[in-house]
Amino acid sequence: MSVPAPTPPPSRWAFLRRGMHLPASVKLSLGVLSWLPVAIFFFDNVYHISWVSGRSMYPTFLPDSNAGMRDLILLKKWNAKNNLKRGEVVVYRSPVDPEVTAIKRVVGLEGDVVLTKKPFPVSEVVVPRNHVWVEGDDIHSHDSNHFGAISMHLIQARVTHIVWPFSRLGTVEKSLPASTQKRVIPAERQLVSIFST
Amino acid sequence: MLRLFSRHRGPLPSRRLILLSSPQLFKPQIFFRRNGTAPTTPTPSTQPQPQPQSTNSSPPPEDDTPWWLRGPRWRRVIGTTIIAIKFLALCHLITTKVILVSLSEGPSMLPTLPTSGSIIVSRLNSRGRGIKVGDLIAAHRPDDMDVMFLKRVIGMPGDYVVVDPMATGRGEDTMMLRVPEGHCWIAGDNLSHSIDSRFYGPVPLGLVMGKVLAQYSGGWRWFTSDPFTKPEPGE
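Predicted model, so just to flag it, every value in this text is computed and none were measured.

**Student:** Looking at this structure, how should I read the overall build of chain B?
**Tutor:** Summing up its helical and strand segments, chain B has 4 helices and 10 strands in all. When the elements of chain B are put in sequence order from the N terminus, they spell out α-α-α-β-β-β-β-β-β-β-α-β-β-β. When the 235 residues of chain B are sorted by exposure, 34% land in the buried category. Once local pairs closer than 6 in sequence are excluded, the contacts in chain B between residues at least 24 apart make up 56%. Accessible area for chain B stands at about 15,700 Å²; split by element, carbon and sulfur atoms hold 61% of it.

**Student:** Any chance you could explain the nonpolar core here in plain terms?
**Tutor:** As a rule of thumb, nonpolar side chains are buried together in soluble globular proteins. Judged by nonpolar contacts, the single largest core of 25 residues is most densely connected at Leu 84, Val 132 and Ile 155 of chain A together with Cys 184 and Ile 186 of chain B. Every element with two or more residues in this core is listed here: strand 3 (89-93), strand 4 (101-108) and strand 7 (131-135) of chain A together with strand 3 (136-140), strand 4 (148-155) and strand 7 (183-187) of chain B. Beyond its immediate chain neighbours, meaning those up to four positions away, Cys 184 of chain B contacts Ile 137, Val 153, Gly 155, Met 156, Val 179, Ser 197, Pro 202, Val 203 and Leu 205 of chain B. Among the nonpolar cores identified, the runner-up in size contains 13 residues, and Phe 61, Ile 73, Leu 75 and Ile 162 of chain A belong to it.

**Student:** Hey, could you run me through the interface of chain B and chain A in this one?
**Tutor:** With 35 residues of chain B at the interface, the matching set in chain A holds 31 residues. In this assembly, chain B packs against chain A so that about 2,700 Å² is buried in total across both faces, 60% of it on carbon and sulfur atoms. There are 3 salt bridges connecting chain B and chain A. The tally of links from chain B across to chain A stands at 11 residue pairs in polar contact (both at pLDDT 80 or more).

**Student:** It is not clear to me how the pattern of salt bridges should be interpreted in this structure. Could you clarify?
**Tutor:** When charged atoms on two side chains of opposite charge get close, those side chains can pair. If you walk through the whole model with that rule in mind, you get 16 salt bridges over all chains. Residue Arg 168 of chain A pairs with Asp 71 of chain A through a salt bridge whose shortest N-O separation is 2.5 Å. Residue Arg 168 of chain A is found in the loop between strand 9 (155-164) and strand 10 (170-171), and its partner Asp 71 of chain A is found in the loop between strand 1 (47-51) and strand 2 (72-76); the two are separated by 97 residues along the sequence. Residues Asp 164 of chain B and Arg 170 of chain B are paired through a salt bridge, measuring 3.0 Å at the closest nitrogen-oxygen approach. Taken together, the shared-partner salt bridges connect Asp 164, Arg 170, Glu 172, Asp 196 and Arg 198 of chain B into one network.

**Student:** I'm lost on the packing of aromatic side chains in this one. Help?
**Tutor:** To describe a pair of aromatic rings, you give the distance between the ring centres and the angle between the ring planes. The full count for this structure, using the stated rule, is 6 aromatic pairs over all chains. Relative to Phe 166 of chain A, the ring of Trp 164 of chain A has its centre 5.0 Å away and its plane inclined at 75 degrees; by these criteria the two rings are edge-to-face. Between the aromatic rings of Trp 220 of chain B and Trp 222 of chain B, the centroid separation amounts to 5.6 Å while the plane-to-plane angle is 20 degrees, which identifies the pairing as stacked. Both residues of the pair, Trp 220 of chain B and Trp 222 of chain B, belong to the exposed class. When the ring centre of Tyr 58 of chain A is taken as reference, the NZ or CZ atom of Arg 55 of chain A above it lies at 4.3 Å.

**Student:** Explain the sheet that holds strand 6 (residues 124-126) of chain A here, please?
**Tutor:** Note on sheets: strands pair through backbone hydrogen bonds, and any given pair is parallel or antiparallel. Residue and element names in this part refer to chain A. Taken together, the 3 strands give an open sheet; going across it, the order is 6-5-11, and neighbouring strands pair in antiparallel fashion. Since the sheet does not close on itself, it has two edges, and those belong to strand 6 and strand 11 (184-185), each with one partner. Here 3 bridges tie strand 5 (residues 113-115) to strand 6, and the two strands are oriented antiparallel to one another. By the bridge assignment for strand 6, Val 114 is matched with Val 125.

**Student:** Please clarify how the UniProt feature "active site" (unreviewed entry) in chain B should be interpreted in this entry.
**Tutor:** All names here are of chain B. The sites that UniProt annotates as "active site" (unreviewed entry) are Ser 108 and Lys 151. Over a stretch of 44 residues, the named residues converge on one spot in the fold, their C-alpha atoms separated by at most 7.9 Å. For Ser 108, a relative accessible area of 12% corresponds to the buried category. Not counting the four nearest positions on each side in its chain, Ser 108 is found in contact with Leu 150, Lys 151, Gly 188, Asp 189, Asn 190, His 193 and Ser 194.

**Student:** When you look at the side chain of Gln 215 of chain B in this model, what are you seeing that I'm missing?
**Tutor:** Residue and element names in this part refer to chain B. The topology assignment puts Gln 215 in strand 9 (residues 208-215). Polar contacts involving the side chain of Gln 215 include one to the main-chain carbonyl oxygen of Ser 217, which spans 2.9 Å. Apart from the residues within four sequence positions on either side, Gln 215 is in contact with Thr 112, Leu 113, Pro 114, Ser 118, Ile 119, Trp 220, Arg 221 and Phe 223.

Criteria and cut-off values
- Every chain is numbered independently, its residues counted from 1 as its sequence is written.
- Chains and ligands are labelled by the order in which they are written, letters from A for the one and numbers from 1 for the other.
- The predicted nature of this model means local features are confined to residues of pLDDT at least 70 and side-chain atom pairs, given and counted, to a pLDDT of 80 or more, with totals for whole chains, interfaces and linings taken over all residues.
- Each side-chain value is worked out from all heavy atoms of the structure, with water and hydrogens disregarded.
- By definition, any uninterrupted DSSP run of H or I lasting at least four residues is a helix, any uninterrupted run of E lasting at least two residues is a strand, and each is numbered from the N terminus.
- Between buried and exposed lies partly exposed: a residue is buried under 20% and exposed over 50% of the maximum accessible area for its type, with that area taken using a 1.4 Å probe on protein chains only.
- Working rule for contacts: check all heavy atoms of both residues, and any pair within 4.5 Å makes them a contact.
- Computed with a 1.4 Å probe, the accessible areas rest on the Shrake-Rupley method; for each residue, only the protein chains presented here act as cover.
- By convention a nonpolar core is built from buried Ala, Val, Leu, Ile, Met, Phe, Trp, Tyr and Cys residues, the set being connected through side-chain atoms within 4.5 Å.
- When two parts are put together, the accessible area they lose, computed with a 1.4 Å probe and summed over both, is reported as buried area.
- A side-chain nitrogen of Lys or Arg and a carboxyl oxygen of Asp or Glu constitute a salt bridge if their distance falls within 4 Å.
- Identification of polar contacts relies on pairs of N or O atoms within 3.5 Å, with a donor-acceptor requirement for protein atoms, meaning one able to donate a hydrogen and the other able to accept it, and with residues adjacent in sequence counted only if both atoms are side-chain atoms.
- The aromatic pairing rule takes the rings of Phe, Tyr and Trp, using the six-membered ring of Trp, and pairs them if the centres are within 6.5 Å, calling planes under 30 degrees apart stacked, those over 60 edge-to-face and the rest tilted.
- Working rule: Lys NZ or Arg CZ, within 6 Å of ring centre, within 35 degrees of ring normal, means a charge sits over the ring.
- Strands pair, by our definition, only if DSSP identifies at least two bridges between them.
- UniProt positions are given in the numbering used here, feature names are shortened, and annotations may be inferred rather than shown by experiment.

Shown next, in the form of structure tokens:
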């Protein structure tokens, strides 16, 4: 007659190490769900893709050659607020309605003097600290000429590529239109003019 | 760690035995053949293995190693890394979308909050969702990249607010202003030591990080949105 060896008391965390005995379908769905926070982090902070709607960026996005098709764009969210340059296309939270995001082109950085367009009450404005002046490429766009410079914190992402339609696949042009460029006096050029006179 | 980076595979001995037999895990092993000879193999134990006496004996003890520490070393390292990534992402999700525990500093909210304390911020109210006049909010300062503030909401979109309540004391005219759409007007409780909307104007609601629910350093204290509490009779 053999006496069974005394088994050690079960560990308090043994259930964690052994894993729960669940149906395979539940295990599979839990495994997929556990990746959800990682996916949310990626789409919120690294890269995202989005459809463009609205005509405010008319020649750049949704041109006539699209024939009613919408554009799919790649948004770079990592380091979006650092080292912004004039002419880059950004996606920002509208200061008028925080639940709405809008897409515009950066015209003036902090310290720049911008000659404003029609609805703005003042003809010439200095962009305040940590603010940017954004304008759409189209004439009829709801931009900084309506609500003034926006805070840098409202900027969500930079638009780097057009993904769809395939005929226009490629990077987004990062230059200001010539008519807009005349209306901006960059901060660094203001310093030069002070020292040269 | 011990299990993660050791070359041992198979079930671990029980926890008491680990302490006694842990040198076995790090027993020197010869990985490469020297002089063309075969690698040394561990000598078989001299003790006789207990033979199963009958088919009706108890089943072999279950492998008690956690599932992410089974298998070869590369699988253990990758599995643990993936679990760490998932855990960090879950923490990030909670602190950005649900709730945030943080430190507060500065004299601008002095009667309400101490100069340095710990607070709990509800991120469900970020972007101005469900914020009313009188709430304590945490937000980014619009004219600075990495400064956050903790102030009280004075006016919501469409409200008329007094720009500087202390202007009459200085002999200036008080000015009233309508808070623009999508913005809020904020001020500290300690007006003389507060940098708030009087200096940088109305704050866009998109910069609001959340509503301050409670303060837990120096005793729990929950903040309600009613700032107009009556003073104690003695004061």
